[in-house]
Amino acid sequence: MVSNQVASTHDTIAAIATASGAGGIGVVRVSGPLASDIAHQILGHCPAPRHAAYLSFLQADGSLIDRGIALYFPNPHSYTGEDVLELQAHGGTALMQLLLARCIECGARHAQAGEFTQRAYLNDKIDLAQAEAVADLINAATAEAARSAVRSLSGEFSQAVQTLLQQLVDLRLYVEACLDFPEEDIDFITQGRVLEKLQANQVALQTIFHQAKQGALLREGMNVVLIGQPNVGKSSLLNALSGEELAIVTPIAGTTRDTIKSAIQIEGVPLHVIDTAGLRDTDDTVEQVGIARTWKALETAHVALLLVDAQHGIGALENQILQKLPPPVKKVWVHNKIDVSRETSHVETRDFDQHVFLSAKTGDGIAYLKKTLLDLIGYQPSGEGVFMARARHLQALQLVDEHLTQAMQQMHAAELLAEELRRAQEALGQITGEFTPDDLLGEIFSRFCIGK
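Just so you know, these numbers come straight off a predicted model, no measurement behind them. (Residues numbered from 1 in each chain as written. Predicted model: local features only at pLDDT ≥ 70, side-chain atom pairs only at ≥ 80, totals over all residues. Heavy atoms only, no water.)

**Student:** It is not clear to me how the packing of aromatic side chains should be interpreted in this structure. Could you clarify?
**Tutor:** A ring pair, where both rings are aromatic, is described by two values, the distance of the centres and the angle of the planes. For the structure on display, the rule yields 1 aromatic pair. For Arg-29, the ring lying beneath its charged end belongs to Phe-116, and the centroid distance is 5.5 Å. (Phe/Tyr/Trp six-rings, centres within 6.5 Å; stacked < 30°, edge-to-face > 60°. Lys NZ or Arg CZ within 6 Å of the ring centre and 35° of its normal.)

**Student:** Looking at this structure, how should I read the sheet that holds strand E6 (residues 109–110)?
**Tutor:** Across a sheet, strands are paired by hydrogen bonds formed along the backbone, either parallel or antiparallel in direction. The 6 strands are arranged E3-E4-E5-E2-E1-E6 in an open sheet whose pairing can be described as mixed. On the outer flanks of this sheet lie strand E3 (53–58) and E6, each paired with one strand and no other. Strands in contact with helix H2 (residues 93–105) are strand E1 (13–16), strand E2 (23–31), E3, strand E4 (64–73), strand E5 (84–91) and E6; relative to E5, the strand with the most contacts, it is inclined by about 155°. Seen against the sheet, helix H3 (residues 115–122) touches E1, E2 and E6 and runs at an angle of roughly 135° to E1. (Pairing = 2+ DSSP bridges. Helix = DSSP H or I, 4+ residues; strand = E, 2+ residues; numbered from the N terminus. Contact = heavy atoms within 4.5 Å. Axes fitted to C-alpha atoms, helices over the stretch in contact; angles between N-to-C directions.)

**Student:** Just checking my understanding: could you explain the confidence of the model for the protein for this structure?
**Tutor:** Do not read the predicted coordinates in detail wherever pLDDT is low. In this model, the protein carries an average pLDDT of 83, and 84% of its residues clear a pLDDT of 70 or more. Under a pLDDT of 50 for its full length, residues 1–9 has, in the predicted model, 18 contacts with residues more than four places off or in other chains. For residues 245–259, every residue scores under 50 in pLDDT, and the model assigns this stretch 44 contacts once sequence neighbours within four places are set aside. (pLDDT = per-residue confidence, 0-100.)

**Student:** Would you explain the pairing of strand E11 (residues 330–336) in this entry?
**Tutor:** On a regular strand, each side chain points to the face opposite its neighbour's, so the side chains alternate between the two faces of the sheet. Summarising burial for E11: 5 of the 7 residues are buried, a large majority. Judged from the 7 bridges that link them, strand E10 (residues 303–309) and E11 form a sheet pairing that is parallel. Directly across from Leu-306, in E11, lies its bridge partner Trp-333. In the classification by handedness, the crossover that spans E10, the intervening helix H11 (residues 316–324) and the parallel E11 is right-handed. (Buried < 20%, exposed > 50% of the residue type's maximum accessible area, 1.4 Å probe, protein only. Right-handed = clockwise from strand over helix to strand, strands pointing away.)

Right, here's the structure in full:
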């Protein structure tokens, strides 16, 4: 278990907190016991707590670096829980580096990636799920993803987890207390409605899991690969989905010779769409390389859109392609060019596979395809109550479910029941950081940007 205490002799860190490159305003952040001393050296005095002061930022020889806004937040009322100094200056790249170098000269050291947020976590300002939400909010690719990250950062996800965690702790304590009275002729398990409470816990767990899974889709999105024979309209479909002319479209077979990646969104879910070279036998060396990359792209795909010409339907070559698809990849048959075959756009199910009839050229039926994709990955675009979540959160929740299921099968043995409850508690505590290994913490915070 990670200790949530920070040594009082911890060193002071500094970093540029704003994005790299020139900007109207740039921020250098300092956190640690020397923050006040660094303020005196650079500003001449330490500003009043939580009051913005317009001051000169000075070099050691008294020369001017810049004039800007200084803010001082004494511990524990700061983002990190330590003394924090923020210097807001003009956002020139060279100027920011000068100001950071001055902070280092005054006794701070360069902050590591995610170190400010890591200190906030270690000082109990936020839990681990909230800390991860900071990075997720910064990296959110869609408005829906940003809203979900804000909900997690505000503590909604953590509160739901903590409520369930406390229920598990109370139930575990009751069962373990029963173990202290083995001679008593009383059925404590039945009397305490343990099974009923376990079932209620599983219902609550499934609600959290559903909300977290929706958030994970908003965070991760899905990889969609367009495959099919040459000239069936893969590039046209990519352009129709993205709303931009990203791929070259010509009536000449083999126009696309390499993979073309495009990031789009459907109902707030990021889609990483890859247009690939048409699959066919060819002597063209360049096209052969493109075809090889098509199969490579399928290795990381969540969904494969198998395009066919609506006039010709699914033939021998399409079935050969189908046989080569990696088993985990979900598939949707897209019957394109209904504007030529004079069919109406619609969706139908054949042998458990979804078939979407559309025209990439006119856009007729594109809405059907978008809905089919969302349904295939289980996303429900409600937005309400969705938490930003990561793969590790889902894995932890699944582990909790497994232990609760095992617990219900151990109602006759209080010792085994208590052990399963302990394991469920430990798995759930990994989400907020109560039972998280140090090496996992290092990996999580190393993925943050510098200055956050």
